Every structure is written in structure tokens, then in C-alpha cells.
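Observations on the model geometry
Residue strings, one per chain:
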Amino acid sequence: MKLKKNFFNSNKNIDFDILKDRFFSVSHELFLISGFDGSIKLINDEVESILGYSTEEIIKIHYQDLIHPEDLTSANKALKNLGIGKATEGQEFRIKCKNGKYKWIYWNATVYAEQKLILSIGIDITSRKETEEELRLLESLVFAFNEIGNLKESLNITLREICRFTGWPFGEAWMLNEISNSLIKISTWHINSEAIMEFAESTKDYKGIPGEGIVGNAWTAKSPVWIEDLSQENNFKRASFIKETGLNSYLIIPILNNQEVVAALAFFQFGSNPINHWLLKLLTTITQHLASLIEHKKVEERLIEKEILLNEIEEITHSGHWEIDYRKESFFWSDGLFSIYGIQPTANINIETISNSIHPADRDKLLQILERVLKEKTSFVVEFKIIRSDGSIRDLISRGDTLRQEDGTIIKMVGITQDITAQKKINAELQKTEIYFRSLIENDFDIKTIINRNGYFKFVSPSAEFVLGYKPEELNGSKVFQYIHPEDLPLFIANIRNLLHIDYNKTILEFRFRKKDGNYCHFESIIKNLLTVPQIEGIIVNSKDISTKKNDEVTIRTLMDVSKKLNSELDVDQIIDILVTEGIKLVDAEHGVAGLRIEEGFVSKKYFKNKAPFNFEYIWQPHEGLAGKVLETKLPYITNSADSDPFSLKSIVYKFKIQTSVCLPIIDSQKEVIGFLKIDNKNDSNGFNNQDVEKLISLAQIAAIAIQNALAFQKIQTAEIQLNNSRQQLRRLSAHLQSAREEERTRIAREIHDELGQSLTGIKMDIAWFEKKYKSTETSDQLLIDKLGSMSQLIDSTINTVRKISSELRPGVLDYLGLPAAIEWQAQDFQNRTGIICKIKSLPEELKIPQNRITAIFRIFQETLTNVARHAQASEVEIRLDVNENFIVLEIKDNGRGITESEIQNTKSLGLLGMHERAELLEGEFKILGSESGTNVIVKIPSYNINNDYEEI
């Protein structure tokens, strides 16, 4: 409302009652007339309604007592300008209400010099300011949710920011200790109060127990608890410590993961405070974001566990897996394969490297097999030799297959290679798998810089120009300290000095940084000492601009709801659909599309027009359209004239009648583009603006986490399938090798027994005939007769040795008389050799089972007796062999010292592993139990074929 200036130019005294009735009473703004000295003359009813003062009350108060102390300097300056006739506009002050609280008022003021009066018109902007504060809190916590990746650090930052945001004097962060099944305090935040500090110290060891006290009740209920008045609460276990602090109301919010409490945040307030439902909803949403972070870390840990398990399997089995990608023209070797070939994991692998390692005798064979596989697109199994860099020769077996597209084009070849030297050359040394580490650099901030030891910029990311106004070359070579706000400089320097003492030391720091226009922006940064890393040789500073950004309450609610929807999904397509529909609503637009990153660019499946989905399967090539633009720059792009924009894809523009567009990348935690979001045709005639971009960026950040969670979940499922396939392949390979070894033993035993034994027997008979004939002659020489006798004894000894070797390779009794007789013969032989008494308690007369099962049981029996002789220190062994229509059961029990649990679990006990593998290959069970009275081995194998056995073992 504007008043006619001549109303105040009148020489008559002003009737303030008339002025109030005729002008001020019909306005919704706050009107206030004051003198040049700040004394208040008149207010309208809106002032009374908003601030609570009547006219009579407010004219008795000096304006300085109404202004918030922090805003008093600006208010005095404005009043001084008004005193010299200079009008003011756009002043924002906090005004004290009658109830003691402050409200934000936006003021414009005009001077009427003749009457020495000042007319001020104000608008209540408290709601807007509160909304800005909410956004400031959420943005300051994005770092904790997305960048830290550590629950403890995230809890500490969240606790601090909430206390600062709410003004609450004391807060506590709790984490679950699974061992003690209790919540323990990991950190506190409080104002500078001796009484509160003493309370924090006195209760630092307090634990939350389920169902006990307020903390325990919140844990059990899995929901927040707000206590308005602690003095009336009998269930507060720390009441005796809090009396001197003035703290009298309490809020605790449990944080859930998979419906189980894993942490909690608690806050104390002065006096009695009723429940603030708006604030409680905001804080609950923040803790839900923390819960999403926890779930994300759990998925990552499961992936790491799978990778460790695969590495352990490869180490135990002396194998490795490989992959040839024909599209990328690249090779991949697992750690196990590097170890087998004797090549450092850092070496580059190519065709030449592999070819040079192959033994010359096997190179042509491998080339022919490779040509056949590529031509016929089939799987293969091949044995070959390699020559390692140290000159040693290794025997390998490799199994592989091709992966093809629908048109039959081969895109990859994958396989498993195993070192079988140990199987071909018994007692050869096993090769140790070398482990190498990869360094991951945190790269999910707006600005990434590297500072040298002396504080000079070595590298500045291109995003500095967008945030600070500087081009990277303007900052490179300059000293970082000259840009830090003088008040923040001492703390910044102190933290940098502390980092220099320890390699890889890391800290989190807030400071103000001067922009090119002279203003300061507020950074929250992770600073890490990587001076000893050759590729970096500096201090990494990853910074995020957390300066104030304006937004409205609707954006907050929408982002909260969308976050819940996105993070509750593990289906990527569903996440993309939710992202597009919510993005359209968020910026009040008509159409939209989103896509995920693939090798060729981006792929989208649906286009949403007027919120309805249409099939739109399209692959966006790199540099094509707005999607290609954001893929290249990793920055949002706005066009409000799509038909003439050089980056717009005209066919899409005309098809969907697009006029305005905003497109932005979806970036993961490694700063890589994993998708895009494009929203078209804003309903506002002015088109899209930066505020729309900020909203969609927040939405994309939430979606990035959800997409990464979903992709990680899919990766886990794929890894589990690959692991199962690998196990099956290794098991079949093991069965084949054992079968081959058993057949080779049988063949060698028969050749030694039949060929060599018969030859020796024939020689002995010839010598006996010759000795007999020679003795009968009159000219016989006693020395020659003695020599013939000695030769006969030597041949007898050699025949016995041949029989022993043949028996050890493959006992003939096993093939000709069966398993019961073989066990009885082996037990008697063992007793004769070792002196350990063998008692056979049960033995079937006849056993009709497949030969592979007879061999497996006999080899397990032999290995068990060997272990008894070597380790058991026993004097007696009991043996039972029972068979029924379903199972064969072999039990060997000794009276020795008893095997320990650590010996059973020892992965280097190859004998135990071999017995376990033999039983498992035949769908059987192998158990070994140790006690003070001795060791008991039980083998239980089906007496009939199940599903098709593996090869003979």
C-alpha cells in the first residue's frame, strides 16, 4: 500500500487513529510508523497479529530491544540511512515476538522528512527462512550419506548438523555392539557448558539394553520417543546425573536396517518442550537416509566376501579364470592365473605375452584349437605346457567357452585354467598366489584439487570454474592459503600440518573459500595425505559447496517421498520409471525420459508423455542429442528453444513436440555417469531455470544410490551363478584327474606284475637249470656255483620288490577278490608294517556295487590308515564296513590322541581335503571326529548311482 505523500506534508498534527482505520486496517502487510530516533508511533493490526504486541505495548519498547542481537548492526545502519533521507529496500531482520520467539520480517522503508517520520512496510518471511534452513541441513548431510561410506563418521556429522540446525544444546550418537547386544555411545555434541560436559563425561559408559529405560524402550518399539518433561519420567535411568544441567526434554530416534535397530540419535533440550511433529518427521527422514547408506555398505561387503571366497578357491585348487573381450580387444586374468604363469599382476597381458609363455611343442596345437573354437563357436578342453620366466616348466589344463550375441557373433571367450603339475609330478612345490592391492580414490565431490607439501595447487578440476568462477589454470601454481577466509586459516593450516605426519591420514574440515567475484563460499572437504603415492604426490582435497541454496517446502517433501520409493526398489527398470514420473511432477513439466549407460551410450525403454508411458526403446549414441552432451560434460544442460538448439535431436523433438528441455547426468559415487534424466516441456511459459536443475540434481543423486544398490544386487546374483558354475567345473575336473590317475596306476601295476614279474621268473628258472647242470659236471667251479646262488637270491628279492610296488599302485586283491578282501588284506599288511593292531568288527562277505565306489572307499581307507600311522600315536584300530540297499558305511576308529578342530579346519591338510572330495563327488558324506579317546572317521556313500556319477575315481 502506498500513502499519498501530501498526507504527511500537512502542517496539521497527524491523527494516527484515522490513519490506522482508513489505511492500515485494510492491508495484510505489517505497517509501522516510527521517529528518526527509532521510537515507534503507530502499528497496524497485522503487527499485533504476527508479533503479539498491542499498540500501547509496542510504543513503550525501543526498536533495539525488538531486533535480534545478530541483526542489530544492520538495523542501525538502515536507520542511519533513513535519517539522512535515503530509503531502504529488502532488509531482513529477526523481530522478537511477545512470547519471546523471533520471526523473520522483510522490510521496505520510506522517509517523510517534514514530519520526521519513517514509514516501514514488512512481510512475514519466517516460513521461507525455515524452509531454507531445512534445505541447508539436508544439503550439509548429503556428504555424510553419499561420500563418507562409514556409519560411525556419518552419525557424528549428522549429530553435529542437527544440533546446529535446531539449536539443541546436547546430542548423543549410539551404535549397536553385537557382541554385548547393547547400544553404546560413540560420540556426543554439546554447547560450551560445564554442567553439560560433566553430565556427558559421567554417563559416557552408559549402555542401552533392550526394554530397559527410555533408550531400551525406543529400541524395542523401533520408533522415536519424545519426552516433554524428564522430571516426570520415572523410566529415565540417568536422572541423578542431569539435575544441574537444566536439560529437561528428550528425543531419541532409532535407526533401522532390515527392521533391526543398528544405531540411534538422541537429543536433550532445556525446559519442557511439546512434540514438534514437523521437526520429528524431518529427523525421521534423515535417519531413513542413514539406513539406506547402511544397506548399501552391506551389499558392498557381500560382494567383497564373494570375491575373497573365489580367490581362496583358486588358491586352494591352483587355478585361475580368464576372459578375452573381442569388442574391447582386452584380456583379463585373475590373480590365480598370474601366479600360475609366474607373471607380476601389474604386467600387461596380450597375445604376445601368452604365446611366449607356451612351450614350443604345444604352440601349434593351441593355435589350431583356438582357430577351431572361433570357427565352430564351441567349448574346448586342452592340456599344454608353459615355460615360466624362471625357466621352470608347468603342466596346465584349460577349459573354455565362447559367449555370443543373438546373431552368433562371438563377443567374449571365458575359461578356467588349472596348474596340474602337482598331479603329474608328485611332491612338487606349490606356487603361492600373490596378492595385489588397488587404490581407490574418492571422487564424488564438486571440486577435486591436489595440493603439494608447500600448500600450492598442483591440480584443480574443471568444475572449479562452475562453482568458484576461476578457470583451473588461474588457480594452478597459486598458494591455497591466500583464498581461505582469515578466520578459518589457522584451523586449516593446523589440520594440514597434522596430516603431514602420517601417510594416508585423513580429516574432514569446513572452511570458507574466496570466489573470483570476491564473495566466499562454504566448503565441506575430505582432505587426505597421499604424498607418498607416486601417481599423486600431494594432498587430495575433495570439496563440496554447501553454501545456502533456496528451495521450497514442497521440494523437501517430494524428495523425501521419492527417496523412500526409489530405495525400496531393487529393480532398475522400476527405479527409472519412478525417477521420470517424479521428475516430471517435481518441476511441473509434461514429458520425460531416462536411460542407463551401456557400452554404446545410453539406452531408454519408455517415454512418459503426460505421465503416461509409451514404448520408446532407443540407444543414444555418444555425442548424440542432449543425452550425449551431458555424457561428455557430466553437467546439466537447459534449452528453452529445443527446435533450434544445436544439441537437440530433431527427430525426437518433432515426434514428441518438445519445446523446452532440461537434461542432466546420473552420476555414481565414483563420479562416473551411469545414466541420464531428461524432462521436457515445462508448463511455465518461461521455460526451465537453475532452480529446476537444482531440484532434479537432488533427485538424480537419490536415484544414483538406488540404481547402484539395484545393480550391486544384480551383480551379487550373477556372481553367485558364476561361482556355482565354477565349482561344478572344478569338481568335474577333479573327478577326471583322479579317474585318470587310478587308471594309470592300474595299467602300470599290471604291466609291472605281468611283464617284469614274468621276465624275472623266467630268468630265475634259467639260472636254476644252469646251476643244476653245472653242479653235475666233474669240472664244476665252487666260486661260480656260489655266484649263481647269489644271483638267484637277488632275483627273488627283485621279484618281491616288483610285487610290493605293483600292490601299492593298485592291489590286485581289490580287482579280483573285491572290497572286503582288499580291506582285510590292507589291514593285515598295515598291522605287520606298523605294529598297530587292526580289529575288523564288521565286514560283508560279498559286495556288489559300482567299481567307482569300491575304488573311492578303498582309497579313503588307505589314506586314513596312513594318517593313523603318522599322527595318531595309536596302538589299536577298529574297522567296520556295512552295506544296505541304500548306503555303504565305512568306519575307522583309533585309540590315539584324537584329531583337533584346528587340524580338521586346516586348508593345507590335502589328505583330508582329498578324502572329503572323493566322498562328495559320489553324493556321499565324510566325517572326522576327534576326542580324548581317539579319532573316528565315518564315510557314507550311496550304494547305487545317483544322477550320473562323475568319471571313475
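Owing to the predicted nature of the structure, the values given are computational and were not obtained by experimental measurement.

Below, the discussion takes up the sheet that holds strand S31 (residues 925–931). In space, the five strands of this open sheet follow the order S28-S29-S30-S32-S31, with mixed pairing throughout. Looking at which strands have only one partner, the edges of the open sheet turn out to be strand S28 (837–842) and S31. Geometrically, the sheet is characterised by an average inter-axis angle of 15° between neighbouring strands, direction not taken into account. Of the strand pairs in this sheet, strand S30 (residues 887–894) and strand S32 (residues 934–942) are connected by seven bridges, and their pairing is antiparallel. Counted as the bridge partner of Phe887 is Pro942 from S32. Sheet strands touched by helix H27 (residues 819–834): S28, strand S29 (876–883) and S30. Its angle to S28, the strand with the most contacts, is close to 155°. The strands that helix H28 (residues 851–872) touches are S29, S30, S31 and S32; relative to S30, the one it contacts most, it runs at about 10°.

On to helix H6 (residues 72–83), then. Over its 12 residues, H6 runs 16 Å from end to end, which matches the ideal 16 Å to within 8%, given 1.5 Å per residue. Of the residues making up H6, those classed as buried are Ala75, Ala78, Leu79 and Leu82. Projected onto a plane normal to the axis of H6, the buried residues spread over an arc of 100° and lie on a single side. Residues Thr73, Lys77 and Lys80 are exposed on H6 and point more than 90 degrees away from its buried face. In the core, the buried residues of H6 are packed alongside helix H5 (63–66), strand S3 (88–96), strand S4 (102–112) and strand S5 (117–124).

We describe a pair of aromatic rings using the distance from one ring centre to the other and the angle between the two ring planes. In total, this model carries 25 aromatic pairs according to the counting rule given. Centroid distance Phe481 to Phe492: 6.1 Å. Interplanar angle 75°. Geometry classified as edge-to-face. One end of the pair, Phe481, is in the loop between helix H18 (472–475) and helix H19 (489–500); the other, Phe492, is in helix H19, and 11 residues separate them in sequence. Connected via pairs of aromatic rings, a cluster forms that spans Phe457, Tyr470, Phe481, Tyr483, Phe492, Phe511, Phe513 and Phe523. The cationic tip of Lys940 hangs over the ring face of Phe887; the distance from NZ or CZ to the ring centre is 4.5 Å.

It is worth spelling out the pattern of salt bridges at this point. Taken as a whole and judged by the stated rule, the model has 28 salt bridges. Measuring nitrogen to oxygen at the nearest pair gives 3.9 Å for the salt bridge that ties Asp362 to Lys365. Linking Asp362 with Lys365, this pair stays in helix H15 (residues 360–376), spanning three residues, or about one helical turn. Of the charged contacts in the structure, one is a salt bridge between Arg512 and Glu487, with a shortest N-O distance of 3.1 Å. One end of the pair, Arg512, is in strand S19 (residues 506–514); the other, Glu487, is in the loop between H18 and H19, and 25 residues separate them in sequence. Several salt bridges converge on common partners, so that one network encompasses Arg160, Glu161, Arg164, Glu510 and Glu524.

Across the protein chain, the average pLDDT comes to 78, with 80% of residues at or above 70. Low pLDDT (under 50) marks residues 427–445, which in the prediction has 42 contacts with non-local residues, meaning those over four places away or in another chain.

Turning next to the pairing of strand S27 (residues 673–682). Taking burial as the measure, the 10 residues of S27 include 10 buried ones, the bulk of the element. Relative to S27, strand S22 (residues 589–598) is paired through seven bridges, and the arrangement is antiparallel. The residue bridging Val593 from the neighbouring strand is Lys678, located in S27. Here strand S26 (residues 661–667) pairs with S27 via seven bridges, running antiparallel. Across the sheet, the residue bridging to Ser661 is Asp680, located in S27. Once S26 ends, the chain turns through five residues before running back antiparallel as S27, passing Lys671 with a positive phi of about 65°.

Below, the discussion takes up the nonpolar core. One broad rule of soluble globular proteins: the nonpolar side chains tend to lie buried together. Membership of the largest hydrophobic core comes to 36 residues, with the highest contact counts inside it found for Leu819, Phe861, Ile879, Leu890 and Phe926. Among the elements of the structure, H27, H28, S29, S30, helix H30 (910–921), S31 and S32 are those that each provide at least two residues to this core. Broken down by element, the residue count for this core peaks at nine residues, all from H28. With 31 residues, the next largest nonpolar core counts Ala594, Leu664, Leu699 and Ala710 among its residues.

The geometry of H27 relative to H28 is characterised by a closest axis approach of 11 Å and an angle of 15° between their N-to-C directions. One finds that H27 runs roughly parallel with respect to H28. In this structure, H27 meets H28 at a crossing whose hand is right-handed. Residues Leu819, Ala822, Ile823, Trp825, Gln826, Ala827, Phe830 and Thr834 of H27 touch H28, and the partners they reach there are Ile854, Ile857, Phe858, Phe861, Gln862, Leu865, Val868 and Ala869. Per-class residue counts for the contact of H27 with H28 are 13 nonpolar, three polar and no charged.

With eight bridges connecting them, strand S14 (residues 380–387) and strand S15 (residues 393–404) associate as antiparallel partners. Bridge pairing in S15 places Glu383 opposite Ile397. Joining the antiparallel neighbours S14 and S15 is a turn of five residues, in which Gly391 adopts a positive phi near 90°. The pairing of S15 with strand S16 (residues 410–419) spans nine bridges and is classified as antiparallel. Residue pairing across strands places Leu403 opposite Lys412, the latter belonging to S16. Between S15 and S16, which pair antiparallel and follow one another directly, the connecting turn spans five residues, one of which, Gly408, has a positive phi of 95°.

About the criteria used
Residues numbered from 1 in each chain as written. Predicted model: local features only at pLDDT ≥ 70, side-chain atom pairs only at ≥ 80, totals over all residues. Heavy atoms only, no water. Pairing = 2+ DSSP bridges. Helix = DSSP H or I, 4+ residues; strand = E, 2+ residues; numbered from the N terminus. Axes fitted to C-alpha atoms, helices over the stretch in contact; angles between N-to-C directions. Contact = heavy atoms within 4.5 Å. Expected span 1.5 Å × (residues − 1). Buried < 20%, exposed > 50% of the residue type's maximum accessible area, 1.4 Å probe, protein only. Arc of directions from axis to C-beta. Phe/Tyr/Trp six-rings, centres within 6.5 Å; stacked < 30°, edge-to-face > 60°. Lys NZ or Arg CZ within 6 Å of the ring centre and 35° of its normal. Salt bridge = Lys/Arg side-chain N within 4 Å of Asp/Glu carboxyl O. pLDDT = per-residue confidence, 0-100. Core = buried A, V, L, I, M, F, W, Y, C linked by side-chain atoms within 4.5 Å. Parallel < 35°, antiparallel > 145°, perpendicular 65-115°, else oblique. Left-handed = near helix turned anticlockwise from the far one by under 90°. Nonpolar A, V, L, I, M, F, W, Y, C, P; charged D, E, K, R; others polar.

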